[in-house]
Every structure is written in structure tokens, then in C-alpha cells.
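# Structure assessment
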Amino acid sequence: MITVSPLSPSAPASGQAGNAARPEQGLSPDQLKQLTELKARDREVRAHEAAHQAVGGQYAGAVSYTYQRGPDGNQYAVGGEVPIDLSPVPGDPQATVEKMRVVRAAAMAPAEPSAQDQAVAAQAMQIMLQARTEAAQQGDEAGTVPDSDQSGAPASRAGQQANETYRSISALTDGTAQSKSDFRSVAA
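One structure accompanies this document, and this report is about it. Computed from a predicted model, the values in this text were never measured in an experiment. (Residues numbered from 1 in each chain as written. Predicted model: local features only at pLDDT ≥ 70, side-chain atom pairs only at ≥ 80, totals over all residues. Heavy atoms only, no water.)

## Overview of the pattern of salt bridges
By the definition in use, this model includes three salt bridges. When the shortest N-O distance is used, the salt bridge between K99 and D85 registers 2.9 Å. Of this pair, K99 sits in helix α2 (residues 93-107) while D85 is found in strand β3 (residues 84-85), placing the two residues 14 residues apart along the sequence. When sorted by exposure, K99 lands in the same class as D85, which is buried. (Salt bridge = Lys/Arg side-chain N within 4 Å of Asp/Glu carboxyl O. Helix = DSSP H or I, 4+ residues; strand = E, 2+ residues; numbered from the N terminus. Buried < 20%, exposed > 50% of the residue type's maximum accessible area, 1.4 Å probe, protein only.)

## Section: the packing of α2 against helix α3 (residues 115-141)
Helix-helix packing is described using two parameters, namely the angle between the two axes and the distance between the axes. Where α2 meets α3, the axes come as close as 8 Å, and the angle between the chain directions of the two elements is 165 degrees. Judged on the interaxial angle alone, α3 and α2 are roughly antiparallel. Here α2 and α3 pass one another in a crossing that is left-handed. Along the contact surface, α2 presents P93, T96, V97, M100, R101, V103, R104 and A107, while α3 presents D117, V120, A121, A124, M125, I127, M128, A131, R132, E134, A135 and Q138. (Axes fitted to C-alpha atoms, helices over the stretch in contact; angles between N-to-C directions. Parallel < 35°, antiparallel > 145°, perpendicular 65-115°, else oblique. Left-handed = near helix turned anticlockwise from the far one by under 90°. Contact = heavy atoms within 4.5 Å.)

## A look at the pairing of strand β2 (residues 75-81)
Along β2, six of the seven residues are buried, which leaves the element largely enclosed by surrounding structure. With six bridges joining them, strand β1 (residues 64-69) and β2 adopt antiparallel strand pairing. Of the residues in β2, the one forming a bridge with Y65 is G80. The antiparallel hairpin formed by β1 and β2 contains five residues in its connecting segment, where G73 sits at a positive phi of about 90 degrees. (Pairing = 2+ DSSP bridges.)

## Here's the deal with the packing of aromatic side chains
Summed over the entire model, instances satisfying the criterion amount to one aromatic pair. Directly above the aromatic system of Y65 lies the positively charged group of R46, at a separation of 4.8 Å from the ring centroid. (Phe/Tyr/Trp six-rings, centres within 6.5 Å; stacked < 30°, edge-to-face > 60°. Lys NZ or Arg CZ within 6 Å of the ring centre and 35° of its normal.)

## Topic: the environment of L129
Positionally, L129 belongs in helix α3. Classification of L129 by relative accessible area gives buried; the value is 10%. Separated by 33 residues in the primary sequence, L129 and T96 have C-alpha atoms spaced 9.7 Å apart.

## Things to note about the nonpolar core
By size, the foremost hydrophobic cluster in this structure holds 15 residues, and its most contacted members are I84, L86, M100, V103, V120, A124 and M128. Those elements giving two or more residues to this core turn out to be α2 and α3. Considering each element in turn, this core owes the most residues, eight residues, to α3. (Core = buried A, V, L, I, M, F, W, Y, C linked by side-chain atoms within 4.5 Å.)

## Notes on helix α1 (residues 29-56)
Here α1 is 28 residues long and its end C-alpha atoms lie 41 Å apart, about the 40 Å a rise of 1.5 Å per residue gives. All buried positions along α1 are accounted for by L35, L38, R41, D42, V45, H48, E49, H52 and G56. In this structure, the buried residues of α1 make contact with β1, β2, β3, α2 and α3. Looking one or two residues beyond α1, the residue adopting positive phi is G57, at roughly 50 degrees. (Expected span 1.5 Å × (residues − 1).)

In short, shape yes, function no, at least from these values alone.
Dropping the structure here:
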């Protein structure tokens, strides 16, 4: 599940009661500053979550937001999450690979993926690598693709690419800890 937490506010959520045609009138300079920040946060959160959901397609669930009431009385999104299905496709490693490509792309879709987003992308990559190994083993059992040479190293191009990809993803997730969003995975 892609869970994106506090990003940035923008437009008030639907169903909010407007105070007046110009709700900013009568607010102190500090309240106006807070309102500006909440609106910006709301826009950022909504764009971040929309990116996850748009790219995640059928594997992404509905967005849920966390709101904060502004000094104008309206609520602004300050966090959110999109659930995403990280379960493998039973009995079909190639379909699992394709699904995990979509999941990984959804996790990394926002302009500034959070640490949680990156963790979900890494988890999708790990599942993808396992599925590729399973597919290679199935091919090996059928006598079509050698899985490794005599030294135990992957002989197939897919195996080599999987190892390189895993190393690059591992390097990305080491030491990166942003807290702009929570991207939570769920298995169906």
C-alpha cells in the first residue's frame, strides 16, 4: 500500500464550509502565514498521492487524507496514503514481474518520493527479482535457459540484469530517510 504522509496543503477539501467570500479578512499576519503554508502543503500532498494512484492503476486503492483545520475554518490535507497491492501473481512469475514494475513505478512516481515510498519500491524490486529467478528456474526445468554457469553466477542476461538492478536499488535505499510521505504496502 502506498502510504503518503504529510506533504503539503493546497485547496480546501470538498465539503468544507466557507466562512465568507474572503475568509482571509480579519486574520492576523501569523494566521495568514499559517494559511499560506497549509494551502501549499495541501497542494503538495494531493499531487503526491495523485501521482501514486495514477501510476499504480489497478493495483492502487483509494487515497485517504489526514486533515488539519486552518485559521479560516477550512480543512487542509497535511498527509495521505494510497494502498497498493504487493502480492505476487500466483503461479505466474512473468505476470508478477510486470505487476511489480507498475508497483515500483507507482512508489517512485511523485517528484519527491519519501523514505517509505523508496522502501516500497525496494520491496517491489525484491519481489520482482524473486519472480525472475522463479521464471528462470522454470525455463531451466524446461531445458530452455541456463540459470547459472559452473561458478554459480547467473548466466542469463535477465539474471545479470536482476543482480545489477538489485544492487542499484539497495544502494538507493541505504541511508536515505525522508519523512515527507508514508508509502505503505499491503498484500491482497
